[in-house]
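As a plain string of letters, each chain reads:
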Amino acid sequence: MPSGELFWAFLVAITLLTITPGVDTLLVIRNTGRTDLKAGMVTSLGICSGLFLHAALSAVGISLILVQTAWAFTLLKWAGACYLIWLGIASLRQAGRRGRPHEPRGDKTREAPDRWRDFREGLLSNLFNPKAALFYMALLPQFVDPEGPVLFQSLLLAGVHFVLAMLWQCAVAVAVSRSRRWAIPPWVGRMMHGITGGIFVGIGAKVAMTQA
C-alpha cells in the first residue's frame, strides 16, 4: 500500500486531472447526446477500463520503453490521431443529417443504442491516447512505494482513478441527458455535433503534428 501521505497527494492530483475537460469528457458528452444517458455511462466505462492497462504497463516499465523507442511512440501517436479524426468525421457526418418529417421533434439527431460501440469508442480513445501513457509513466511512480508490490499499488491507484473518473463522467452524462428534455431545436443538436466533430479533428491533427 502507498503511504497515507502519498495516497492523499495522489488523490488531490488525480481529482484535478479528472475534472479538467479533455478528450474523455468530450467523448462522453458526444455519445450521450448522440444516443442516451446509458451511452455516456458505457462510454465512460470503456474509457476508465483502459486506465488499468496503462497502470500495468507503467508498473512493468513498458510505458518507459514505449516512450524511449521513437518508432513505437510515433506509431501510437499516429494511431491515436487517426482515431480522434475518425471520431470527429463521424460527428460531422451526424451534424449533416436531417431527420425525416415524421420523426418527433428533438429526436432527429439521436441514433439507435449500440452499447458495444459506445464501450469500444471509450476504450480505444483511452488506449490510443499517448498522453495517457505518458501521464501514467510520469505520475504513478511518484506515488508508489518502491519497497512494496509495485504492480499491486499501481492497479490500486488506477482503481481510485477509475472510481473518480466514472463518478465525474457519469455526472456529466446525466447533465447532458437532462438537457435533452428541454425543447431544444434540432439545429442546435446538429450544431453541437458539428462543434464536437471539429474539436475532435483539431485535437487529432494536433496530436499528429506533435513531435515525439
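Reading the values: rules and limits
Residues numbered from 1 in each chain as written. Predicted model: local features only at pLDDT ≥ 70, side-chain atom pairs only at ≥ 80, totals over all residues. Heavy atoms only, no water. Axes fitted to C-alpha atoms, helices over the stretch in contact; angles between N-to-C directions. Helix = DSSP H or I, 4+ residues; strand = E, 2+ residues; numbered from the N terminus. Parallel < 35°, antiparallel > 145°, perpendicular 65-115°, else oblique. Left-handed = near helix turned anticlockwise from the far one by under 90°. Contact = heavy atoms within 4.5 Å. Nonpolar A, V, L, I, M, F, W, Y, C, P; charged D, E, K, R; others polar. Phe/Tyr/Trp six-rings, centres within 6.5 Å; stacked < 30°, edge-to-face > 60°. Buried < 20%, exposed > 50% of the residue type's maximum accessible area, 1.4 Å probe, protein only.

A few words now on the packing of helix 2 (residues 23-34) against helix 6 (residues 115-127). Interhelical geometry of helix 2 versus helix 6 gives an angle of 165° and a closest axis separation of 10 Å. Relative to helix 6, the element helix 2 lies roughly antiparallel. For the pair helix 2 and helix 6, the sense of crossing is right-handed. Together, V23, D24, L27, R30, N31 and R34 of helix 2 and R117, D118, E121, G122, S125 and N126 of helix 6 make up the contact between the two elements. Class assignment of the residues belonging to the contact of helix 2 with helix 6 gives a composition of two nonpolar, four polar and six charged.

Next up on the list: the side chain of S44. With respect to the helices, strands and loops of the structure, S44 is situated in helix 3 (residues 37-60). Beyond its immediate chain neighbours, meaning those up to four positions away, S44 contacts V28, A165, M166, Q169 and C170.

Within the structure shown, the criterion is met by three aromatic pairs. Measuring from centroid to centroid gives 5.8 Å for F7 and W8, while their planes differ by 75°, and the two rings are edge-to-face. Since its relative accessible area comes to 25%, F7 is described here as partly exposed. Taking 6.1 Å as the distance between ring centres and 25° as the angle between the ring planes, the aromatic pair formed by W116 and F119 counts as stacked. Pair noted here: W116 and F119 are both in helix 6, with a separation of three residues, about one helical turn. Taking the relative accessible area as the measure of exposure, W116 reaches 56% and is therefore exposed.

Everything listed here is a matter of geometry and, on its own, says nothing about what the molecule does.
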